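One-letter residues, chain by chain:
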Amino acid sequence: MRGDIPAALAPLERALKLAEPEGYVRMFVDEGTNMAQLLREAATNGIMSDYASKLLTAFGANQSLDEETPHSAAPASGSLIEPLSQRELDILRLFKTELSGPEIAQELVIALSTVRTHTKSIYNKLNVNSRRAAVKRAIELGLI
């Protein structure tokens, strides 16, 4: 925010190195326009270029940085801001079946409340509000 890009690149590089293996995206996107500018600078300087580019895509930062980017930009079509966990993917695959919530819990040997928690998270990450919509969105994204 102070405009000292060189001083900001070193801690950003460390943050990118720590975040990339876990696939973190939202923590960067939520920072808004200043982070998009810093990520663009990092990519230009060869600092974690592939990951920085992935983040910029999720940012919707393909647009000129002269344009104002909303603080909470929507993800680019075909990508998720926050990836689904393995357990969420397991549950999402079972959404394609006719199994009820209790049957999914029994199949995965977890509590029904855990299925419900994961379901809410899946809906939030996919920006949907039903099983059918979640399955459709997951197919569009190539998740299932």
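The structure we're discussing is the one just above.
Residues numbered from 1 in each chain as written. Predicted model: local features only at pLDDT ≥ 70, side-chain atom pairs only at ≥ 80, totals over all residues. Heavy atoms only, no water.

Chemist: In this structure, what is going on with the overall build of the protein chain? I would like to understand it.
Modeler: Summing up its helical and strand segments, the protein chain has 8 helices and 0 strands in all. Per-residue burial for the protein chain yields a buried fraction of 36% across its 144 residues. Relative to all contacts within the protein chain whose residues are 6 or more apart in sequence, the contacts with residues 24 or more apart total 60%. Carbon and sulfur atoms form 50% of the exposed surface of the protein chain, whose accessible area is close to 8800 Å². (Helix = DSSP H or I, 4+ residues; strand = E, 2+ residues; numbered from the N terminus. Buried < 20%, exposed > 50% of the residue type's maximum accessible area, 1.4 Å probe, protein only. Contact = heavy atoms within 4.5 Å. Areas by Shrake-Rupley, 256 points an atom, 1.4 Å probe, with all protein chains shown as cover.)

Chemist: It is not clear to me how the environment of valine 115 should be interpreted in this structure. Could you clarify?
Modeler: Among the secondary structure elements, valine 115 is positioned in helix 7 (residues 112-126). Residues valine 115 and isoleucine 91, spaced 24 residues apart in sequence, show a C-alpha to C-alpha distance of 7.4 Å. Among all residues touching valine 115, those that are not within four sequence positions of it are Ile91, Gly101, Ile104, Ala105 and Ile110.

Chemist: What's the story with the packing of aromatic side chains in this structure? I'm lost.
Modeler: Any aromatic ring pair is given by two values, namely how distant the centres are and how the planes are angled relative to each other. Throughout the structure, instances matching the rule amount to 2 aromatic pairs. Plain terms: the ring middles of phenylalanine 28 and tyrosine 51 are 6.3 Å apart, the flat faces sit at 90 degrees to each other, and that makes the pair edge-to-face. Taken together, the residues phenylalanine 28 in helix 2 (residues 26-29) and tyrosine 51 in helix 4 (residues 49-59) connect sequence positions 23 residues apart. Taking the relative accessible area as the measure of exposure, phenylalanine 28 reaches 3% and is therefore buried. (Phe/Tyr/Trp six-rings, centres within 6.5 Å; stacked < 30°, edge-to-face > 60°.)

Chemist: Help me understand the pattern of salt bridges in this model?
Modeler: Side chains carrying opposite charge are able to pair once their charged atoms draw close together. On inspection of all chains with the given rule, the structure shows 6 salt bridges. One salt bridge connects glutamate 88 with lysine 125, and the closest N-O pair in it is separated by 2.8 Å. Of this pair, glutamate 88 sits in helix 5 (residues 86-95) while lysine 125 sits in helix 7, and the two are 37 residues apart along the sequence. Arginine 137 is paired through a salt bridge with glutamate 140; the nearest N and O atoms lie 3.7 Å apart. With arginine 137 and glutamate 140 both in helix 8 (residues 131-140) and 3 residues apart, the pair spans about one turn of that helix. Residue class for glutamate 140 comes out exposed when judged on its relative accessible area of 53%. (Salt bridge = Lys/Arg side-chain N within 4 Å of Asp/Glu carboxyl O.)

Chemist: Even after reading the chapter, I still don't get unusual backbone geometry, so can you show me in this structure?
Modeler: Of all residues except glycine, most have a negative phi; of all peptide bonds, most are trans. In the Ramachandran plot, methionine 48 falls in the positive-phi region, its phi being about 50 degrees despite a non-glycine side chain. Its place among the elements puts methionine 48 in the loop between helix 3 (33-44) and helix 4. Not every positive phi belongs to a glycine, and valine 109 is a case in point at roughly 55 degrees. Relative to the helices and strands, valine 109 resides in the loop between helix 6 (101-108) and helix 7. Judged by relative accessible area, which is 72%, valine 109 ranks as exposed.

Chemist: Got a minute to help me understand the side chain of glutamate 88 in this structure?
Modeler: By relative accessible area, glutamate 88 is classed as buried at 5%. Within the structure, glutamate 88 has its side chain in polar contact with the backbone nitrogen of serine 85 (distance 2.8 Å). In this structure, glutamate 88 is in contact with Pro83, His118, Ser121, Ile122 and Lys125, ignoring residues within four places of it in sequence. (Polar contact = N/O pair within 3.5 Å; in protein donor to acceptor, adjacent residues only side chain to side chain.)

Chemist: Before we go on, may I ask you to explain helix 1 (residues 5-19) in this structure?
Modeler: Quick reminder: α-helices carry 3.6 residues per turn. Residues three or four places apart thus point the same way. Between its terminal C-alpha atoms helix 1 stretches 20 Å, which fits the 21 Å expected from 15 residues at 1.5 Å a residue. For helix 1, the full list of buried residues reads Leu9, Leu12, Leu16 and Ala19. (Expected span 1.5 Å × (residues − 1).)

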